[in-house]
Amino acid sequence: MKLTRTRAAITGLLATFAVTGAITGGLAAGAVQASAAPHAAPAALPAVDMEATVLAAQIDPRRADDTLTPGAKESVLAVEQALQARHLLDARWVDGYFGTETIAAYAAYQRSLGYSGLAANGLPGATSLAALGENRYTVTKKIGPGAKVQRDGYTVDARTQAMLAEAERLLGFTLVLSQGSYNPGGDPSSAGTHDGGGVVDISVTGMSADTRTSVARALRQVGFAAWVRNPNQGDWPWHIHAAAINDTDLSSQAQHQTGDYYLGLNGLADRGADDGPRVPIHTWEEYQRTH
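Per chain, the residues get numbers from 1 upward, laid out in the order the sequence is written. Where totals are concerned, whole chains, interfaces and linings use all residues; where local detail is concerned, this predicted model gives features only for residues with pLDDT of at least 70, and gives and counts side-chain atom pairs only at 80 or more. Heavy atoms from the whole structure form the basis of all side-chain values; hydrogens and water molecules are not counted.

Undergrad: So, helix α4 (residues 100–112): which residues are in play, and what are the values?
TA: To qualify as a helix, a DSSP run of H or I must reach at least 4 residues; to qualify as a strand, a run of E must reach at least 2; elements of each kind are numbered from the N terminus. By this rule, a helix spans an expected 1.5 Å times one less than how many residues it contains. Relative to the 18 Å expected for 13 residues at 1.5 Å per residue, α4 spans 18 Å between its end C-alpha atoms, a close match to the ideal helical length. Here the term buried applies to any residue with accessible area under 20% of the maximum for its type, exposed to any over 50%, and partly exposed to those in between, with areas from a 1.4 Å probe on protein chains only. Among all positions of α4, only Thr-102, Ile-103, Ala-105, Tyr-106, Ala-107, Tyr-109 and Gln-110 are buried. Elements that come into contact with the buried residues of α4 comprise α2 (50–59), α3 (73–85) and α5 (126–132). Of the residues one or two after α4, Gly-114 is the one with positive phi, at around 95°. Throughout, a contact is declared for two residues whenever any of their heavy atoms are within 4.5 Å.

Undergrad: Pulling in residues and values, what's your account of the nonpolar core?
TA: Residues belong to one nonpolar core when they are buried, are Ala, Val, Leu, Ile, Met, Phe, Trp, Tyr or Cys, and are joined through side-chain atoms within 4.5 Å. With 30 residues, the main nonpolar core has Val-79, Leu-83, Phe-98, Tyr-106, Leu-129, Leu-132 and Tyr-137 as its most contacted residues. Every element with two or more residues in this core is listed here: α2, α3, α4 and α5. Ranked by the residues each element gives to this core, the list is headed by α3, at six residues. Setting aside residues no more than four positions away along its own chain, Leu-129 makes contact with Val-48, Met-50, Val-79, Tyr-106, Pro-124, Tyr-137 and Val-139. Core analysis: the second largest hydrophobic core is formed by 21 residues, Ala-167, Val-204, Ala-226 and Trp-284 among them.

So far we have only geometry, and geometry alone does not tell us how the molecule works.
Printed below as a string of structure tokens:
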């Protein structure tokens with residue numbers, strides 16, 4: 001009798017161990033499976049197309065309506081949302097339209113970074129755009145003016161120099177500057193357009209009317225807003241005025257000219273109709289991608 005009870009007790013203990021082991025093993029396996037389960041990947045940040053954003057910042061403030069710059073809406077919205085998050089832009093202006101309110105808000109952001117002058121002109125630069133978008137968006141199609149260089153005794157930026165060189169290649173002859181960039185107050189008749197980068201005047205001495213038009217056309221082809229200027233339009237001699245679209249060092253006045261060019265205007269204070277040769281409008285970067 002005693003032996004039978006002992007065997008029964010051992011059998012019971014073994015059964016208990018089996019059940020307990022199964023439960024414990026199941027829990028352990030579940031824990032292993034849980035720990036092995038992959039973590040959900042963080043959501044990708046939206047991308048801000050810098051080329052499109054800078055272009056919108058030139059065109060939108062010059063529009064008579066609230067038409068959006070093609071291809072720029074989502075990028076501009078991301079920038080405006082970041083400005084709103086910093087309490088620099090009211091929610092009603094977060095609309096994908098880079099108008100005067102957004103320009104002012106972006107300039108305020110640039111000043112908050114310690115920038116001044118051209119660096120706080122409201123036109124997004126690569127450094128400020130990336131800083132504004134930290135943990136909010138990434139920046140694609142980055143652009144910049146490059147280093148300052150000398151040409152014909154004047155200062156221009158490397159991007160402008162490259163554009164001029166390509167225009168010369170198309171024309172088959174050399175162009176000579178009569179005014180460069182980064183020349184604040186140098187020529188009052190220029191109304192501040194040469195204060196920043198991306199803007200030059202080209203001498204037309206010895207050129208026929210047809211040649212002047214050919215030069216303006218070549219400059220437009222490579223991404224300048226360019227016009228032949230004559231003495232009847234202002235206090236200046238015959239010359240060709242050219243402003244490099246999307247140069248992030250453009251003065252505010254030059255930004256207005258490039259925006260007006262996209263809207264079919266002449267870049268002058270009277271905002272008359274464009275009187276230059278008609279070519280498809282594009283930036284230097286767009287030109288490079290297709291040539």
